[in-house]
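Chains, contacts and geometry: an overview
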Amino acid sequence: MARYLLRRFAFLLVSLALASVVLFVLLRMLPGDPANALTSVGASPEQIAAARHSIGSDKPLPEQFVHWLGQLASGDLGTSFVNSLPVGPEVASRMSVTAPLTLAAFTLAVVLAVPAGFVAAHKRHTWYGALLSGVSQLGIAVPVFWLGMILIAVFALNAGWLPSGGFPPDGWSEPAEAIRSLVLPVVTIALVMSASLIRYVRSATLDVLGSDHLRTARALGSSFGRAMWRHGLRNASVPVISILGIELASTLLGAVVVESVYALPGLGSLLATAIAQHDYPVIQGVLFVSTLAVLLIGFVADLVQRIIDPRLRGRLSGGAR
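My aim in this report is to walk through the structure given alongside it, one point at a time.

Calculation criteria
Residues numbered from 1 in each chain as written. Predicted model: local features only at pLDDT ≥ 70, side-chain atom pairs only at ≥ 80, totals over all residues. Heavy atoms only, no water. Helix = DSSP H or I, 4+ residues; strand = E, 2+ residues; numbered from the N terminus. Buried < 20%, exposed > 50% of the residue type's maximum accessible area, 1.4 Å probe, protein only. Contact = heavy atoms within 4.5 Å. Areas by Shrake-Rupley, 256 points an atom, 1.4 Å probe, with all protein chains shown as cover. Salt bridge = Lys/Arg side-chain N within 4 Å of Asp/Glu carboxyl O. Polar contact = N/O pair within 3.5 Å; in protein donor to acceptor, adjacent residues only side chain to side chain. Core = buried A, V, L, I, M, F, W, Y, C linked by side-chain atoms within 4.5 Å. Axes fitted to C-alpha atoms, helices over the stretch in contact; angles between N-to-C directions. Parallel < 35°, antiparallel > 145°, perpendicular 65-115°, else oblique. Left-handed = near helix turned anticlockwise from the far one by under 90°. Nonpolar A, V, L, I, M, F, W, Y, C, P; charged D, E, K, R; others polar. Phe/Tyr/Trp six-rings, centres within 6.5 Å; stacked < 30°, edge-to-face > 60°. Arc of directions from axis to C-beta.

Before going further, it helps to spend a moment on the overall build of the protein. Scanning the protein from N- to C-terminus turns up 13 helices and zero strands. Taken from the N to the C terminus, the helices and strands of the protein come in the order α-α-α-α-α-α-α-α-α-α-α-α-α. Per-residue burial for the protein yields a buried fraction of 41% across its 321 residues. When contacts within the protein are restricted to residue pairs at least 6 apart in sequence, those whose partners lie at least 24 apart make up 71%. Accessible area of the protein: about 17100 Å², with a carbon and sulfur share of 68%.

As structure tokens, this is what we get:
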């Protein structure tokens, strides 16, 4: 296991290094000049040149890249071109909104999807089993921004139970208001995510229900619940864990849509503003942190799979990946 962890950690570092190169190169290929955000309309060529020199965009690209890598190695995400503020604290401040939003929505989606997916598989020949399958199919087709607007209209504008958007100016120093402002965004993401998760849980459960080891356990006298708990749950959870990792990562990356609908000051709004202003350090910082989070999620999901599945642990002891 130690050898596997070292190998996976090395792979994570290599992936992160390649991602940093791709991020840097692709950003420099975007049209537009970041110096334009620092100068007024009709600025002279001398003023634009001075602005480029002040932010270092007039230096050769290899030199800019080496400078950025040096900053990353020291834990510094750079300084914004626009407001000259450190990117790291700004990203951390926005993560205090995006991370709770993502984790709460993910947790709620799992709580909804796992039992619903199991019932949809086990009771697939009943009307409510078919209903759960149909609702999950419908939920996948619903755009998240459309669902967000429906929830705002029903629970915020009409009922007045929850705020329609925004976040407390003092952030989590007002925990009750912060939680209230995240309720609708969390429910929006969780409903859309649970629709797809139900399908995966249902599929994994159907595979287990038709497996030989479950039938053998039932033939030896085990009840259905005991057989599922001892023999089916572990086998069904292995493919679902991979999907959970993918869903968690995609939710983190796709939070920009929900944050826009609910006017939340998270990573999504920070990234959108930085792209409009060609603020390369902020864009690089947000994307780098997001990429690191996605790689860590994949690492943890892969590790949990190998802990749960004895067959994968056997591959580790045999030296194969």
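Additional details are given in the paragraphs that follow.
Relative to the assigned elements, Thr-291 resides in helix H12 (residues 280-308). For Thr-291, a relative accessible area of 22% gives the class partly exposed. Taking the C-alpha atoms as reference, Thr-291 lies 9.2 Å from Ala-249; in sequence the two are 42 residues apart. Not counting residues within four places of it along the chain, the set of residues in contact with Thr-291 comprises Leu-16, Ala-19 and Leu-23.

This brings us to the pattern of salt bridges. Scanning the model with the defined rule gives three salt bridges in all. Here Glu-90 makes a salt bridge to Arg-94, at a shortest N to O gap of 3.0 Å. Note that Glu-90 and Arg-94 are positioned in helix H4 (residues 87-122) at a spacing of four residues, about one turn of the helix. A residue is classified by how much of its surface remains accessible, and Glu-90, at 30% relative accessible area, is partly exposed. Since its relative accessible area comes to 17%, Arg-94 is described here as buried.

Looking now at the side chain of Thr-188. Structurally, the position occupied by Thr-188 is in helix H7 (residues 175-209). Judged by relative accessible area, Thr-188 falls into the buried class, the value being 1%. One polar contact links Thr-188 to Tyr-262, side chain to side chain, over a distance of 2.7 Å.

A few words now on the nonpolar core. In terms of nonpolar packing, the biggest core is built from 34 residues, with Leu-182, Leu-197, Tyr-262 and Leu-264 touching the most fellow members. Mapped by element, the contributors of at least two residues to this core are H4, helix H6 (144-158), H7 and helix H9 (224-253). It is H7 that provides the largest number of residues to this core, a total of 11 residues. Leu-77, Leu-270, Val-282 and Val-289 belong to the second largest nonpolar core, which has 22 residues in total.

With that out of the way, let us pick up the packing of helix H1 (residues 2-28) against helix H3 (residues 61-73). Helix packing geometry: the angle between the two helix axes and the distance between the axes. Relative orientation of the contacting elements H1 and H3 amounts to 135 degrees, with a least axis distance of 11 Å. One way to sum up the angle between H1 and H3 is to call them oblique. Viewed along their axes, H1 and H3 form a crossing whose handedness is right-handed. Of the residues in H3, those in contact with Ser-20, Val-21, Phe-24 and Arg-28 of H1 are Leu-61, Gln-64, Phe-65, Trp-68 and Leu-69. A class-by-class count of the residues in the contact of H1 with H3 yields six nonpolar, two polar and one charged.

This part covers the packing of aromatic side chains. Counted by the stated rule, this structure contains eight aromatic pairs. With centroids separated by 5.9 Å and ring planes inclined at 40 degrees, the aromatic side chains of Phe-155 and Trp-161 adopt a geometry described as tilted. Judged by its relative accessible area of 29%, Phe-155 falls in the partly exposed class. Given the relative accessible area of 58%, Trp-161 is considered exposed. Here the aromatic cluster, defined as three or more aromatic residues joined through ring pairs, consists of Phe-24, Phe-65, Trp-68 and Phe-288.

Look at H4 against helix H11 (residues 267-277): their axes get within 8 Å of each other, and the N-to-C directions meet at 135 degrees. The pairing of H4 with H11 is recorded here as oblique in orientation. Facing H4, whose interface residues are Glu-90, Val-91, Arg-94, Met-95 and Thr-98, H11 presents Leu-267, Ser-269 and Leu-270. Of the residues belonging to the contact of H4 with H11, the class tally is four nonpolar, two polar and two charged.

This paragraph deals with unusual backbone geometry. Positive phi, normally seen in glycine, also occurs at Ser-84, with a value near 60 degrees. When its relative accessible area of 53% is taken as the criterion, Ser-84 is described as exposed. Its identity is not glycine, yet Ala-263 carries a phi of approximately 55 degrees, on the positive side. Relative to the elements of secondary structure, Ala-263 occurs in the loop between helix H10 (255-261) and H11.

Before going further, it helps to spend a moment on helix H2 (residues 45-55). Each full turn of the α-helix corresponds to 3.6 residues, which orients residues three or four apart in the same direction. Among the residues of H2, those classed as buried are Ile-48, Ala-51 and Ile-55. Seen along its axis, H2 keeps its buried residues to an arc of 60 degrees; they face one direction. Opposite the buried face of H2, by more than 90 degrees, sit the exposed residues Pro-45, Glu-46, His-53 and Ser-54. In the stretch just after H2, Gly-56 is the one whose phi turns positive, near 80 degrees.

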